[in-house]
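Structural characterization, general
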Amino acid sequence: MTDIPIRPSIRRRHEAIGGKLVSRLTIALSLLVGIALFFLYQRFVYGLGAVTNINNGYPWGIWVVWDVIIATGFACGGYAMALLVYILNRGEFHPMIRSALTASVFGYSLGGLSVLIDLGRYWNFWHILSPSYFNPGSVMFEVAACITLYIVVLWIEWFPTFLEWLGTRGIQKAFERMLFVFIGLGVLLPSMHQSSLGSLLIAMGYQVHPLWQTPFLPILFLMTALCMGYAVVIFEATLAAVGFARDVREELPLLEKLGKVVASVLLMFMVLRFADIIDRGQTGRLTEGNLQTAMFWIETVLFAFPIAAFSFGSGQSRMSRLFPAAASMLAGAVLYRIDAFLVAYNSPTHWHYFPSAPEILVTLGVIAIEVLAYIVFVKKFPILPGHEYR
Amino acid sequence: MPASQQNFDEIEQRYGVSRREFMAFCTGIAATMGLANSAAAQVAEAITKKERPSVIWLHHQECTGCTESMLRAEHPTLEKLILDVISLDYHETLFAAAGHQIEAARKAAQEKNKGKYLLVVEGAIPMKDGGIYCKIGGQTSLELTREAAAGAAAIIALGSCASWGGMPSTPPNPTGSVGVAEALGRKDILSIPGCPSNPYNFLACVVHFLTFGKLPPLDSQGRPLFAYSRLIHENCERRAHFDAGRFALEFGDEGHRKGYCLYKLGCKGPETYANCSIVQFGDVGMQSWPVGMGHPCIGCSEKGIGFTKPIHALADLKNQRPPVGYARVNEEQGTGLNSAGVAVVSGVVGAAVGAGAMLTKKLSALEGSQKSGENRQE
Amino acid sequence: MSCNRRDFMRGGLGGAAAAAACATLGASPAEARENKKVPGNAIGLLYDSTLCIGCKACMSACKTTNELPLDDNVGGKLWDTPFELSGKTYTVIKVYQDGTSVNKDQVKDGFAHIKRQCLHCIDPSCVSVCPVKAMTKNPETGIVSYNADACIGCRYCVAACPFHVPQFQYDTPFPRIAKCQLCKEELAKGDIPACAKVCPTGATLFGSYNALSKEIERRKDMKPGEANVFPRRTVDSGDTYERAAAHYTEEVYGAKALGGTQVRYLAGVPFDKFDLPVGLPERSYASQSESMQEALYSGLTVPAAAFAGLMLAAYFGTKNLHDDEEG
């Protein structure tokens, strides 16, 4: 590896950061989890309608759009970093992969679990994995099967961390040598289902607003998934810097590079999106005075800001520039997915949907579980790159 | 001027009815016409008048069913009452007299009460071949009617036959039967169609004439609005079944036995204007009308329906605006923006933006300190 | 050497990515799946809005036959008053109204009825999108039916149906999808669908797809106002009555849009007045979606090739890292 400069200082092993588990933050998060559990009890006893506002005009609410479609997007850090490190052979990013992977493990596992909350007939979920029920033409089948498989793959990819914690260095080494199969899968499966999350909308045809409905949906979704993956790594690194009082100066150049990757992918995304809108003759929609058009432009602004922020400027205030840019990128991607599935979904039968408070609180609870688990794991397991503490 | 005590005493003597029963009758008649309660006094006043108006009652092509049903009206001593309220100067069914005697009586009454008497016509008038298909005393129906109509204060066409031709005019209509209005070419004729017509509609009209000296308001076909402005369907006792989609499919089937709507058996209620579903027939209690008995309405009072359209044929729903309770094509459903949801979302978004801003600030501060730290190290 | 290796790997990956990209765009029309064809013994319904008197006999019979509960939207639990299809309602008569609404089947100051129910698409989206084959189309009769035992309750069918037909039950912990299955149990008994059986005017008419096509043509050829014979229950039941033909709009709903449907509508007012989607393309969304999936995943060749490339890349990628770590 002569052509890739690697700083020796960040080639250190991963470390558990330790510290107390009970803090104001974790108590607050547990409270949110408790509230969510109460509403989940209602959901399972009285049905979906008792807690959510979803209806037959909007059968998919935030439990699908946030907990699965957006949450797995957020959990693309592992995928995006694996692609960068193992496939594109950017070894310099290797130290960051484990934290990204940990976030992915929780993101996807909880995404998968919250699917069970949302499924009306959850006790039949195993049909997704039973060949006699397979409907290969269904995008949903592909998404469900892929995500389920990927969750397993993610845990396998994460397993060395556990082995390292156990201290069984020999087994860990041996395990890591055969890990390439799962890394291959770990890049393939998200590419498949993250693009398919976009394909889900294609069968909905005219019901999805023309600013979002396009044959390019799979590619657009894949691009945002990648960007979300890198943005989340930047986001988490900066959060960890403040939250765990870690010195991340040595990671900064890498985060800057990730930012550049986000900016270029995002730029391609924007070019493709606008070219497609022009190609389909839907430019008139860009100037209409309705909610959809407004949301489209908000998305565009949220995407444009990180392109500028990641591409230009460097030097002193790097983190305070990277962080808002990553946050803006994530907000844009969140909005893109919410818009595509909810705002752009035009119900012809005059239905309305806005999530109910209990519905949102359940989603917050799921997020809280995710954050809690992440905090516990980074404190107990060797996940974050080893560093000196300030 | 209210009916005096003396009048009531007289009535009790004359008709053998109590004062209470009499006032109930008057109020009932007023109610049939849709008049206010206070009109009952006027009605009583008119009925107790000593001078009773002359009535000439002609029969043409008909079955006398209207007269018969009139006679069977069962309110207390009604036929006595009506026969004593008016001076019936000519009625072929009820008169003991016959032949030239009765014709003379008619002519005399026409002459004596010229311009004041009430002409009631029962039966259709044949027009074909000079109207030779119905003659009384050597005169055709048309001649008789013309003669009687000339001096009449008002003309009432009783029953479907007199109103629009009725059963005799059923295609192919061999005698060229028409109703009175068409035969005379007049529009001011009150018609009370029905086969038979409902006696209370007739009585109400007569009493209206006696009370106010004119006929009640009429529709374009000369029918009194108080009785014929609504479809039978609108007040049908089985309407709830129609709205709920419960139908008898055949005579005697489960739906028929359960009293479901008779539309599919050919009920003409939805295209027939009459008050049968409210006033009913024969005074034998509830449901005493065809639909109540389980037979579909045949639309006997409606020109072009009764005796024309097959009984089993489906009715067209006339003037039938969709009921308010029907689902519109664009019913608004679901819960849109709700305060609790919006509050939580704005709370979360606000917290996220706030935390983001704070973090950015903190990061700037951190960078500042790290930078100074670097400087120190250097 | 490492350079060569990396170049090789990148080349392989690029190739796989390019192949995936081409497949995603999907779209060479030659290999795309066509719309499905009408099944051999297809049956269906014809709903003629001009004959419908809005008596709701079909709704009532549907509830009785399918043992569906009351759908009360006005309170009091006295009446079945569904606003739309719902978890408790397979069919609903809705009304278009304008102004004084006194003229039947007229746009201005008029009104007209429409029957909402499953149209039994020839190429149904719900069947295409269902991940577990809970929605199936009978290859003989073309009835689109639902199997609750297979269903996982993901509601993709609810979201994807272009006519908003499948309805999910939100008010029970053990929900199902509710939708018209053309009274398949009644058909098995030799009977006909309940709504067609009770319709007093033959506005809902049952028959084979082809017989109904002929009936549609016959009605379109009628002169408005002229007396014509209309069958009830089924096209050839012999139970007929005479009435004046109404004026029909040009469009036959369900004839072509999205590959056509086995339940078709005739009406006197344009179908957009009924809030039904109009101007839909003739190519079914199911075929579009499946073509894309097939191009990407048919025989799993593209994913397998990509997997091979990725695995190879990952092998060398991790090897380098381990070497580095050990070295």
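1. Brief notes about the pattern of salt bridges
Residue and element names in this part refer to chain C. Following the criterion strictly, the structure yields 29 salt bridges over all chains and no others. Here E84 ties to K94 by a salt bridge, and the two come within 2.9 Å at their closest N and O atoms. With E84 in the loop between helix 2 (57-65) and strand 2 (92-97) and K94 in strand 2, this pair connects stretches of sequence that are ten residues apart. Using a relative accessible area of 2% as the deciding quantity, one classes K94 as buried. Taken together, the salt bridges that share partners define one network made up of D48, E215, R218 and R219.

2. A few points about the pairing of strand 9 (residues 204-208) of chain C
All names here are of chain C. The buried fraction of strand 9 amounts to four of the five residues, a majority that puts the element mostly inside the structure. Bridging between strand 1 (residues 43-48) and strand 9 involves five bridges; their strand directions are antiparallel. Looking at strand 9, one finds that L45 is bridged to F206.

3. Section: the interface of chain A and chain B
Counting residues at the interface gives 27 residues for chain A, matched by 26 residues for chain B. At the boundary of chain A with chain B, total buried surface from both sides reaches about 2300 Å², with 65% on carbon and sulfur atoms. Sorting the residues of chain A by area buried against chain B places R249, H350 and F354 of chain A first, and these three jointly supply 26% of that buried surface. Across the contact surface, chain A and chain B share zero salt bridges. Inspection of the chain A/chain B interface yields eight residue pairs in polar contact (both at pLDDT 80 or more). Put simply, the parts of the chain that give the side of chain A that touches chain B at least two residues each are helix 8 (217-243), helix 11 (319-343), strand 2 (351-353) and helix 12 (357-380) of chain A. Residues of the side of chain A that touches chain B, tallied by class, amount to 13 nonpolar, ten polar and four charged. Note that strand 2 of chain A and strand 11 (residues 333-335) of chain B share three bridges and pair parallel. Among the inter-strand pairings, W351 of chain A is bridged to a residue of strand 11 of chain B, identified as Q333 of chain B.

4. Digging into the interface of chain C and chain A
One frequent convention defines the size of an interface as the accessible area lost when the parts assemble. If you look at the interface, chain C gives 70 residues, while chain A gives 77 residues. Summed over both sides, the interface of chain C with chain A buries roughly 6200 Å², with 59% coming from carbon and sulfur. Contact with chain A buries area across many residues of chain C, yet Y156, H164 and Y170 of chain C alone supply 11% of it, more than any other trio. Run the count over chain C and chain A and you get one salt bridge. Residue R155 of chain C pairs with D118 of chain A through a salt bridge whose shortest N-O separation is 2.8 Å. In this structure, the connection of chain C to chain A is made through 32 residue pairs in polar contact (both at pLDDT 80 or more). Elements that contribute at least two residues to the side of chain C that touches chain A include exactly helix 1 (2-25), helix 3 (125-129), helix 4 (156-160), strand 7 (167-168), helix 8 (285-297) and helix 9 (301-326) of chain C. Broken down by element, the side of chain C that touches chain A gets its largest block of residues, 16 residues, from helix 9 of chain C.

5. Quick look at the confidence of the model for chain B
In the predicted model, chain B carries a mean pLDDT of 83, and the fraction of residues at 70 or more is 89%. Averaged over each element, pLDDT in chain B is lowest for helix 5 (residues 78-85) of chain B (60) and highest for strand 4 (residues 125-126) of chain B (95).

6. Considering the domain arrangement of chain B
Residue and element names in this part refer to chain B. For chain B, the domain assignment lists domain 1 (52-226) and domain 2 (230-320). Between the C-alpha centres of domain 1 and domain 2 there is a distance of 28 Å. The interface of domain 1 with domain 2 comprises 20 residues on the first partner and 13 residues on the second. Buried area between domain 1 and domain 2, both sides added, is near 1400 Å², and the carbon and sulfur share of it is 54%. By the criterion of area lost to domain 2, the three top residues of domain 1 are W164, N198 and R223, representing 38% of everything that side buries. Counting every contact that joins domain 1 to domain 2 gives one salt bridge.

7. A word on the packing of aromatic side chains
One pass over the structure, following the stated rule, counts 47 aromatic pairs over all chains. Summarising the aromatic geometry, the rings of W158 of chain A and F377 of chain A are spaced 5.2 Å apart at their centres and angled 50° between planes, so their arrangement reads as tilted. You can see W158 of chain A sitting in helix 5 (residues 139-166) and its partner F377 of chain A sitting in helix 12, a full 219 residues away along the chain. We note that W158 of chain A, like F377 of chain A, is buried. Taken together, a centroid distance of 5.3 Å and an interplanar angle of 50° make the contact between F221 of chain A and Y336 of chain A tilted. In this pair, F221 of chain A is assigned in helix 8 and Y336 of chain A in helix 11, connecting sequence segments 115 residues apart. Accessibility classification places F221 of chain A together with Y336 of chain A in one group, the buried group. Within the aromatic cluster, the residues linked to one another by ring pairs are F106, W155, W158, F159, F162, W165, F175, F377 and F381 of chain A. Directly above the ring of Y90 of chain B sits R106 of chain B, whose terminal nitrogen or CZ lies 5.6 Å from the centroid. One residue, R155 of chain C, lies across the ring of F168 of chain C, its end atom 5.2 Å from the ring centre.

8. Some details on the environment of P215 of chain A
Relative to the helices and strands, P215 of chain A is located in the loop between helix 7 (179-199) and helix 8. Sequence separation of P215 of chain A and I202 of chain A is 13 residues, and the distance between their C-alpha atoms is 7.1 Å.

9. A look at the pairing of strand 12 (residues 263-266) of chain C
Residue and element names in this part refer to chain C. Burial along strand 12 is two-sided: the residues V263 and Y265 and R264 and L266 are all buried. Bridge count between strand 1 and strand 12: four bridges; the pairing is parallel. Bridging from a neighbouring strand, D48 pairs with L266 of strand 12.

10. Observations regarding the sheet that holds strand 12 of chain C
Residue and element names in this part refer to chain C. Reading across the sheet, the three strands line up as 9-1-12 and stay open at both edges, with mixed pairing between neighbours. At either end of the open sheet lies a strand with only one pairing partner, and these are strand 9 and strand 12. Each adjacent strand pair in this sheet contributes to an overall mean axis angle of 25°, direction not counted. Packed onto the sheet, helix 7 (residues 209-221) meets strand 1, strand 9 and strand 12 and runs at close to 130° relative to strand 9.

11. Some thoughts on the sheet that holds strand 3 (residues 103-104) of chain C
Pairing is mixed across the open sheet formed by four strands, whose spatial order is 10(B)-2(C)-4(C)-3(C). The sheet is open, and its two edges are formed by strand 10 (327-328) of chain B together with strand 3 of chain C, each paired on a single side. Examined bridge by bridge, strand 10 of chain B and strand 2 of chain C share two bridges and lie parallel to one another. If you follow A327 of chain B over to strand 2 of chain C, its bridge partner there is K94 of chain C.

Conventions used here
Residues numbered from 1 in each chain as written. Chains lettered and ligands numbered in written order. Predicted model: local features only at pLDDT ≥ 70, side-chain atom pairs only at ≥ 80, totals over all residues. Heavy atoms only, no water. Salt bridge = Lys/Arg side-chain N within 4 Å of Asp/Glu carboxyl O. Helix = DSSP H or I, 4+ residues; strand = E, 2+ residues; numbered from the N terminus. Buried < 20%, exposed > 50% of the residue type's maximum accessible area, 1.4 Å probe, protein only. Pairing = 2+ DSSP bridges. Contact = heavy atoms within 4.5 Å. Buried area = accessible area lost by both parts, 1.4 Å probe. Polar contact = N/O pair within 3.5 Å; in protein donor to acceptor, adjacent residues only side chain to side chain. Nonpolar A, V, L, I, M, F, W, Y, C, P; charged D, E, K, R; others polar. pLDDT = per-residue confidence, 0-100. Domains from an automatic or database assignment. Phe/Tyr/Trp six-rings, centres within 6.5 Å; stacked < 30°, edge-to-face > 60°. Lys NZ or Arg CZ within 6 Å of the ring centre and 35° of its normal. Axes fitted to C-alpha atoms, helices over the stretch in contact; angles between N-to-C directions.

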